[in-house]
Structure formats: structure tokens, C-alpha cells
Amino acid sequence: MQNRLQKRLGFQSPIFAFSHCRNVVAEVTKAGGFGVLGASTFSPEQLEVELAWIDEQVGDLPYGVDVIIPVKYDRDAEAAFGKTDLNDLIPDTHKAFMRDFLEAEGVPELPPEEKTRVHNEIASGRGGMTPDGARRLLEVVARHPKVQVVVSALGAPPEDVVRELRKRGIVIGAMCGKPKHASRQRAAGVDFVVAQGTEAGGHTGAISTLVLVPDVIDSVENEIPVIAAGGFARGSQIAAALAMGAEGVWCGTVWLGTQESELTPFEKQAYFAAEAEDAVRRRCRTGKTVRMLKSRLSEIWEAPGAPEYLDPPLQGVLFNEVTARVIRAERSDLYSFPAGQVVGSMKQETSVRQVMLDMQTELADALERLQTLGQG
Ligand SMILES: Cc1cc2nc3c(=O)[nH]c(=O)nc-3n(C[C@H](O)[C@H](O)[C@H](O)COP(=O)(O)O)c2cc1C
């Protein structure tokens, strides 16, 4: 049976895949799910390249794009974007804190050429993490009609964004972590909400998926579809979400361990070695609470004497350059990338197709089991 979003968008499996990797987005879409590209780390130029590539892979199938539009952000940094190097806006105390830590840990500097490349990529990409940054990315999206869904994270999309997307017939979604966010987002004109529980990787609130989803459905009075996110890597978990009234699930962490993921072998290994409890909520990555792999780098920011977290996009600019050094040095004890609690069940590399197949098979089994229960 097809739900409201499947009917409107014409896809088969109620499985949404969030990923920053174009290969994952294209493969999930081709396998009958709905791929959504996380765009906030790309510059507009790079996003153009990514979307053109996905367009070629998916044939006539629709897919989505996700942008981050935080309610609280650094307005000076937003105004300075394109005129000033965002790195220059990071206070010296913060730079020194990271420089001294990495030096004490013996993590080498990046070679000069790589440093410049990473620096430019991050400064231009992280510029996307403000409302104007999202608007710049959405101008690119407008040139790609196969993008039929746009999702905003960290706040309801602003009025002008909703108006513009609606004019183009795009289905608008929003991530939410509290029931009251969902009613605000519905009032702002979104077509569906993604109720994301605390167990999710990435920016996340404090309420668990099992508690959040039914409350969000109530708060939007079932007028718009609710998709459940956070903790979905198996078909039985998807069956639970559907049983609660969700019209699909939205997964992020499970794709990180696939061959289509662009993470390096070192990074994938860090995920395969992690247990569920290693995915902790910390603010060091973007300034907002993100569930990520715990490491000595994430913990140093929580220790007494650490500087205050910066608002988006500056904390992200600082932390991502540091992360590039950690990855190059292959220091798993310092590696902190977003991860949900399902990371504990990811132990070896797989493929997007296999994940989709396993989830669909398990979902069918779980639904059959439930039906037997219902017959007493
Ligand atoms: C590596 C990673 C990066 C993420 N970045 C974003 C993002 O930029 N925008 C967003 O809306 N959600 C982001 N998320 C959250 C996902 O959209 C999704 O809600 C979450 O991964 C679902 O929970 P799961 O991790 O248990 O599958 C990210 C998640 C991960 C794992």
C-alpha cells in the first residue's frame, strides 16, 4: 500500500536516505527508495556538479535535497560571506585551543597545498549553514527539476523560501525534534515533517524516536505526513515506525558503511569499531548539538577551560579543518564524525543495494509476524 508521499512522488519503498554522498542518493533512488542529498557542506558550484551527476544516474526518478537553515547563527559571518575569509572571524582563543591540542597530540599540519584546498572547500561549503547560504544552494536546485523534495533542518524554512519552492511545485519537508517544532513547521507551510529522535546521527534533540513520532503525528493532527528518523537500520525497526503511524523512515547512519559512501577506509573502520554508546551528543562540530562518534577531540571541548562554542557556521569551519588533519593522520582516537546509535550494528562494509534488500525483506517478515499476532 502506498502512503501519501509515495503517491505524490511515485517511489516504491517508504525508505528515505539522507546522505552527503551522491552515489548513495542515486543508488537508493534506483533501488526504489527516496534519496536526499545533504547539500549544506557544498559550495553552490560543487552542488551544481553533484546534482548534474545524480540527474544522469536516476533517469526519470525524483530525488531530494536537504539544506540547513538554523534559527540561531552568526549574523556577522553571514553578512561577511564572500567578502571575508570565514576563518578570519574565528577568535584567536579558539584557533589556539585547537592548535595547541593537535600539537600536543602530535597530529601533523596538512601539507600546504592540501591545507589551501581544504580551507577553501570548507570556508565556501560551510557558508551554506545560514539562511542566505541555503538560499544560494536553492538557486542551484532550481536548475534541476528532478529535485522534487527540499528539506530544511534546524528550523522552519523562511516564508520567502517556502513561497519560492511552492511556486516551483517542490514538496517541502522539515526536520523536527520536538512536537512544538512540527506544529510551527506545519504553520510555515511544509508538506511533511521528519520526526527525528535523539538516537539519530547529526543534529539531534533529546527525545527518543519511540516517544517523539506519535506526539508529532498528534501535533500536526495527521494533516501532513510524518516520516520517522533516528534508529532505523533494520526492517523490524521500520515496521515499528509504520505501526506508530509514520509514513516512512528516514535513515542516515546506515549508509556510511556502504561501498557507495565516500568516507575513507580509515573512517569506515572507525564506524565499524564503534558501539551504540560511542555515539554521543556534543556541540563541537557545528556549535549545535550533534550525535557523533565520541573521541578525545570531542571530549576536550567539554573539559573545563575549553572555549565557548561558536554559532554556525564558524564552529563548523574550525572543527572541519581540524577533522581533515585527524583523517590524514588516521587517528581514530581523535575522530568524531556524526553517527547515530545504530552505528553499533554496522560491522563491515556492505552496499546500498544490500542494505535496501535486507531492510525490505525484514520489513515484509515483520509485517507478516504482526499480522499473525493480530489474528490472535
Ligand atoms: C553523517 C551525517 C550527517 C548528517 N547531516 C545532516 C544534515 O546536513 N542535514 C540534516 O537534515 N540531517 C543530517 N543528518 C541527520 C540525518 O538526516 C538523519 O535524520 C539521521 O541520520 C537519522 O538517524 P540515523 O542516523 O539513526 O539513521 C546527518 C546524519 C549523519 C549520520
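Note that the structure is a prediction, hence the values are computed from the model and not measured.

Rules of the game
Residues numbered from 1 in each chain as written. Predicted model: local features only at pLDDT ≥ 70, side-chain atom pairs only at ≥ 80, totals over all residues. Buried ≥ 20, exposed ≤ 12 C-beta atoms within 10 Å, placed from the backbone. Helix = DSSP H or I, 4+ residues; strand = E, 2+ residues; numbered from the N terminus. Arc of directions from axis to C-beta. Contact = placed C-beta atoms within 7 Å. Near = placed C-beta within 6 Å. Axes fitted to C-alpha atoms, helices over the stretch in contact; angles between N-to-C directions. Parallel < 35°, antiparallel > 145°, perpendicular 65-115°, else oblique. Left-handed = near helix turned anticlockwise from the far one by under 90°. Core = buried A, V, L, I, M, F, W, Y, C linked by C-beta atoms within 7 Å. Domains from an automatic or database assignment.

Caption draft 1: View of helix H7 (residues 131–141). Of all the residues in H7, the buried ones are Pro131, Gly133, Ala134, Leu137, Leu138, Val140 and Val141. One side of H7 holds all its buried residues, which, seen down the axis, span an arc of 165°. Next to the buried residues of H7 lie helix H3 (44–58), strand S3 (63–68), strand S4 (147–153) and helix H8 (159–167).

Caption draft 2: Main features of the site of the ligand. By nearness alone, 25 residues border the ligand, and Ala200, Gly201, Gly202, Gly252 and Gly340 come closest of all. Within the residue set of the shell around the ligand, elements represented by two or more residues are S3 and strand S9 (249–251).

Caption draft 3: Highlighting the packing of helix H11 (residues 235–243) against helix H15 (residues 352–374). Following both chains from N to C, one finds H11 and H15 inclined at 55°, their axes separated by 7 Å at the closest point. The pairing of H11 with H15 is recorded here as oblique in orientation. With respect to the hand of their crossing, H11 and H15 are arranged in right-handed fashion. Note on element contacts: H15 touches H11 through Met359, Gln360, Thr361, Glu362, Leu363, Asp365, Ala366, Leu367 and Leu370, opposite Gly235, Ser236, Ile238 and Ala239.

Caption draft 4: Summary view of the nonpolar core. Counting 97 residues, the largest nonpolar core has Val36, Val193, Ala195 and Val249 as its most contacted members. A domain split of this core shows at least three residues from each of domain 1 (9–73 + 131–256 + 354–362) and domain 2 (76–127 + 260–334). For Val36, the contacting residues outside a window of four places in its chain are Phe16, Ala17, Phe18, Val25, Tyr63, Gly64, Val65, Asp66, Val149 and Val151. By size, the runner-up hydrophobic cluster in this structure holds 14 residues, among which are Ala77, Leu86, Met98 and Tyr309.

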